[in-house]
Amino acid sequence: MAKTLIVQKTELPDFLPHGWKKEVAEVLGIHVNTVTNALKARRGKTYERIKQVAIVKWGQY
């Protein structure tokens with residue numbers, strides 16, 4: 001049974017901590033280069049998933 005997490009409107013901080021791409025990649029089960037490529041493209045399903053994980057982990061309320 002999956003845990004449902006409701007994400008409130010939050011913003012990412014101006015700077016993310018060192019190694020954040022690796023942490024996000026581990027959470028999503030993808031390669032770090034996939035994170036980098038999705039960030040460069042700034043669109044797509046993977047990009048949206050990356051943003052959601054980063055908001056949950058480092059978002060400011």
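Treat the numbers as computed from the prediction; the structure is a model and nothing was measured.

> Looking at this structure, how should I read the packing of helix H1 (residues 20-28) against helix H2 (residues 32-41)?
How two helices pack is summed up by the angle between their axes together with the distance between the axes. Running from N to C, H1 and H2 point in directions that differ by 110 degrees, and their axes come no closer than 8 Å. The orientation of H1 with respect to H2, classified from their angle, is roughly perpendicular. Contact with H1, carried on its side by Trp20, Lys21, Lys22 and Ala25, involves Val32, Val35, Thr36 and Leu39 of H2 and no other residues of that element. For the contact of H1 with H2, the residue count by class is five nonpolar, one polar and two charged.

> Would you explain the pattern of salt bridges in this entry?
Side chains bearing opposite charge may pair, as long as their charged atoms lie close to each other. By the definition in use, this model includes two salt bridges. Glu23 is the partner of Lys57 in a salt bridge, and the nearest nitrogen-oxygen pair spans 3.4 Å. Placement of the pair is Lys57 in helix H3 (residues 45-58) and Glu23 in helix H1, with a sequence separation of 34 residues. We classify Lys57 as partly exposed; its relative accessible area is 41%. What makes Glu23 partly exposed here is its relative accessible area of 31%. Its salt-bridge partner being Glu48, residue Lys51 comes within 3.5 Å of it at the nearest N-O pair. Of this pair, Lys51 and Glu48 both sit in helix H3, three residues apart, which is roughly one turn of the helix.

> Would you explain the layout of surface pockets in this entry?
In this approach, a probe sized like a water molecule rolls over the atoms, and the result shows the empty space that is left. Its boundaries defined by the atoms lining it, the largest pocket holds a volume of some 170 Å³. What lines the largest pocket is Leu12, Leu16, Trp20, Leu39, Arg42, Tyr47, Ile50, Lys51 and Ala54. Per-element tally for the lining of the largest pocket: the top contributor is H3, with four residues. When the residues that make up the lining of the largest pocket are grouped by side-chain class, the tally is seven nonpolar, no polar and two charged.

> Explain H1 to me, please; I cannot follow it from the model alone.
Because the α-helix completes a turn every 3.6 residues, residues three or four places apart line up on one side. Residues of H1 that are buried include every one of Trp20, Val24, Ala25 and Leu28, and no others. Across the axial projection of H1, the buried residues extend over an arc of 135 degrees, all falling on one side. In H1, the exposed positions that point more than 90 degrees away from the buried face belong to Lys22 and Glu26. Buried-residue contacts for H1 involve H2 and H3. One or two positions beyond H1, positive phi appears at Gly29, with a value near 75 degrees.

Here is what the cut-offs are and how they apply
Residues numbered from 1 in each chain as written. Predicted model: local features only at pLDDT ≥ 70, side-chain atom pairs only at ≥ 80, totals over all residues. Heavy atoms only, no water. Axes fitted to C-alpha atoms, helices over the stretch in contact; angles between N-to-C directions. Helix = DSSP H or I, 4+ residues; strand = E, 2+ residues; numbered from the N terminus. Parallel < 35°, antiparallel > 145°, perpendicular 65-115°, else oblique. Contact = heavy atoms within 4.5 Å. Nonpolar A, V, L, I, M, F, W, Y, C, P; charged D, E, K, R; others polar. Salt bridge = Lys/Arg side-chain N within 4 Å of Asp/Glu carboxyl O. Buried < 20%, exposed > 50% of the residue type's maximum accessible area, 1.4 Å probe, protein only. 1 Å grid on protein atoms, 1.4 Å probe; cavity = no way out; pocket = protein on both sides within 12 Å on 5 of 7 lines; lining within 4 Å. Points joined across faces, edges and corners; volume = space filled by probe spheres on them. Arc of directions from axis to C-beta.

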